[in-house]
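# Coordinate inspection notes
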Amino acid sequence: MGETGKEDYKIQSFDSETQKLLKTALKDPSNVDLEKVANIIVDQSLKDFVFSKEAGRICYTIIQAESKQVGQSIFRRSLLNRLQQEYKDREELRTRSLQAWICYVTFICNIFDYLRVNNMPMMALVNPVYDCLFRLAQPDSLQKEEEVSAGRAADVPVVLPKDCKKHSWGRGGAEEPPLLCAQHLLFLLKVDCLVLQLHRIGEQLEKMNSQRMDELFSLLRDGFLLQEGLSSLSQLLLLEIIEFRAADWKMTDAAQKYYYSEVTD
C-alpha cells in the first residue's frame, strides 16, 4: 500500500473554499458534510488523472480520522455508494469519455489499494476492480475510435509509435508535433492504465481471486499479443507485465534493464 504519512496532499486544483473543506475533512471530519466531501473527491477523480492517483491516500486519511474521532464510517459508506453508482454506469461513462473512464479505473484501483477491513483488501471491491481491468483488456474496444479525438488527451502523456501511419497533423504545419491517431491513442492509454494498475495491485488481487487473474492474463496473451496493428511499445508493456507476474510479481534486474532501456530508447 502507498505511503500515508505525508501531509502534502495534491488538492491545489480545487478552489480555496473546497481546499479548506478538504483540509478540515482530513483533520476534523466531524465538522464537515462527509457525503459532500466524498462526492467532491469522486467528481474530481473522474476528470483529473493526477488527482485520481492521489485520491486513495486522501480517502484513507479521512476514513481513519473519522473512525478515531467519532467511531463512525459515514465517509466510507458515502464513498462506496458513489463508487458503486459509477460502476453500474461504467459503460455509459466509457462511451462518453475515454479520459473519465481511465480516471475511474485508476481511482477505484487506488481505493482498493488503500482501503482495508481487518488489514485485508475490501472483498466488495475485488470483482468490480477485476471487471474494470477486464474491460480495458477487451480487444473489441480497439474498434471504438469514436471514444477519442485525434488530438491529445488532457493530462495523459501521448507517445507516437513509429508504426503509426494514420496520424493527422496540426494546422500549424510541419513544425507542430504529430497528433496520435485515434486508434493508437485509445489503445496506448488503455494498455498503460492496465499495466500500471496490475503493477500496483495485481499481487493483492490475485490473492483474493486467483482464477480471475488467470483469466485476465489469458486474455492478455491470446488477445492483445495477437492483435493486428499492435504498436511495439504496447507489445513491450504487455510482455513486461506478463513476465512480471510470472516472476511472482517482482521485477528481476535483467527484466528491469531490458524493458526500461527499451522504453527509454
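Just above sits the structure.
Heads up: these notes are all about the structure in this document.

## A closer look at the pattern of salt bridges
Per the stated rule, a full pass over the model turns up 12 salt bridges. Here Glu-86 and Arg-82 are joined by a salt bridge, their closest N and O atoms 3.0 Å apart. Residue Glu-86 and its partner Arg-82 are located together in helix α4 (residues 74-88), separated by four residues, close to a single helical turn. In terms of burial, Glu-86 and Arg-82 fall into one category: buried. A salt bridge links Arg-135 to Glu-91; the shortest N-O distance between them is 2.8 Å. Of this pair, Arg-135 sits in helix α7 (residues 123-136) while Glu-91 is found in helix α5 (residues 90-96), placing the two residues 44 residues apart along the sequence. Judged by relative accessible area, Arg-135 falls into the buried class, the value being 15%. Three or more residues are tied together by salt bridges with common partners; here these are Asp-43, Arg-82 and Glu-86.

## Description of α4
Under the 1.5 Å per step criterion, the end-to-end length of α4 is 21 Å for 15 residues, consistent within 8% with the ideal 21 Å. Every buried residue belonging to α4 is among Phe-75, Ser-78, Leu-79, Arg-82, Leu-83, Glu-86 and Tyr-87, and all of these are buried. Contact partners of the buried residues in α4: α2 (34-45), α3 (49-70), α5, α6 (98-114) and α7.

## Remarks on the environment of Tyr-114
You can see Tyr-114 is positioned in helix α6. Given a relative accessible area of 4%, Tyr-114 falls into the buried group. Considering only alpha carbons, one finds Tyr-114 and Ala-55, 59 residues apart in sequence, at a separation of 9.7 Å.

## So, the nonpolar core
Generally speaking, soluble globular proteins have nonpolar side chains that are buried together. Ile-41, Phe-75, Leu-79 and Leu-133 are the most contacted members of the largest nonpolar core, which totals 72 residues. Each residue touching Leu-133, except ones within four places of it in the same chain, is listed here: Val-105, Cys-109, Leu-194, Gln-197, Leu-198, Leu-205 and Leu-216.

## Re the packing of aromatic side chains
A full pass over the atoms with the stated rule returns five aromatic pairs. Geometrically, the ring pair formed by Phe-14 and Phe-51 is edge-to-face, given 5.3 Å between the ring centres and 80° between the ring planes. Residue Phe-14 is located in the segment before α1 (16-27), and its partner Phe-51 is located in helix α3; the two are separated by 37 residues in the primary sequence. Residue classification places Phe-14 among the buried residues on the basis of a relative accessible area of 10%. Assessed through its relative accessible area of 1%, Phe-51 is described here as buried. A centroid spacing of 6.0 Å and a plane angle of 85° characterise the contact between Phe-217 and Trp-249, whose relative ring orientation is edge-to-face. Remark: Trp-249 occurs in the loop between α10 (232-246) and α11 (253-264) and Phe-217 occurs in helix α9 (residues 210-222); sequence separation between them is 32 residues. Of the two residues, Phe-217 and Trp-249, neither departs from the other in class, the shared state being buried. Taken together, Phe-217, Phe-244 and Trp-249 form an aromatic cluster joined through their ring pairs. The ring of Tyr-87 has Arg-90 lying over it, and the distance from NZ or CZ to the ring centre is 4.0 Å. Geometry around Phe-217 places Arg-245 over its ring, the cationic atom sitting 4.9 Å from the centre.

## A word on the packing of α6 against α7
At their nearest, the axes of α6 and α7 sit 10 Å apart, and the two run at 145° to each other. Seen along the crossing, α6 lies across α7 with a hand that is left-handed. Residues Trp-101, Ile-102, Tyr-104, Val-105, Ile-108, Cys-109, Ile-111 and Phe-112 of α6 lie in contact with α7, whose contacting residues are Leu-125, Val-126, Pro-128, Val-129, Cys-132, Leu-133, Arg-135 and Leu-136. For the contact of α6 with α7, the per-class residue count stands at 15 nonpolar, no polar and one charged.

## Focus: unusual backbone geometry
Phi at Asn-119 is positive, roughly 65°, even though this residue is not glycine. If you trace the backbone, Asn-119 turns up in the loop between β1 (116-117) and β2 (120-121). For Asn-119, a relative accessible area of 67% translates into the label exposed. Within the chain, Trp-249 stands out as a residue other than glycine whose phi angle is a positive 60°. Exposure remark for Trp-249: the relative accessible area of 8% places this residue in the buried category.

## A few points about the environment of Glu-240
Summarising the element assignment, Glu-240 is placed in helix α10. Sequence spacing of Glu-240 and Tyr-258 is 18 residues, and the spatial spacing of their C-alpha atoms is 9.4 Å.

What counts, and at which threshold
Residues numbered from 1 in each chain as written. Predicted model: local features only at pLDDT ≥ 70, side-chain atom pairs only at ≥ 80, totals over all residues. Heavy atoms only, no water. Salt bridge = Lys/Arg side-chain N within 4 Å of Asp/Glu carboxyl O. Helix = DSSP H or I, 4+ residues; strand = E, 2+ residues; numbered from the N terminus. Buried < 20%, exposed > 50% of the residue type's maximum accessible area, 1.4 Å probe, protein only. Expected span 1.5 Å × (residues − 1). Contact = heavy atoms within 4.5 Å. Core = buried A, V, L, I, M, F, W, Y, C linked by side-chain atoms within 4.5 Å. Phe/Tyr/Trp six-rings, centres within 6.5 Å; stacked < 30°, edge-to-face > 60°. Lys NZ or Arg CZ within 6 Å of the ring centre and 35° of its normal. Axes fitted to C-alpha atoms, helices over the stretch in contact; angles between N-to-C directions. Left-handed = near helix turned anticlockwise from the far one by under 90°. Nonpolar A, V, L, I, M, F, W, Y, C, P; charged D, E, K, R; others polar.

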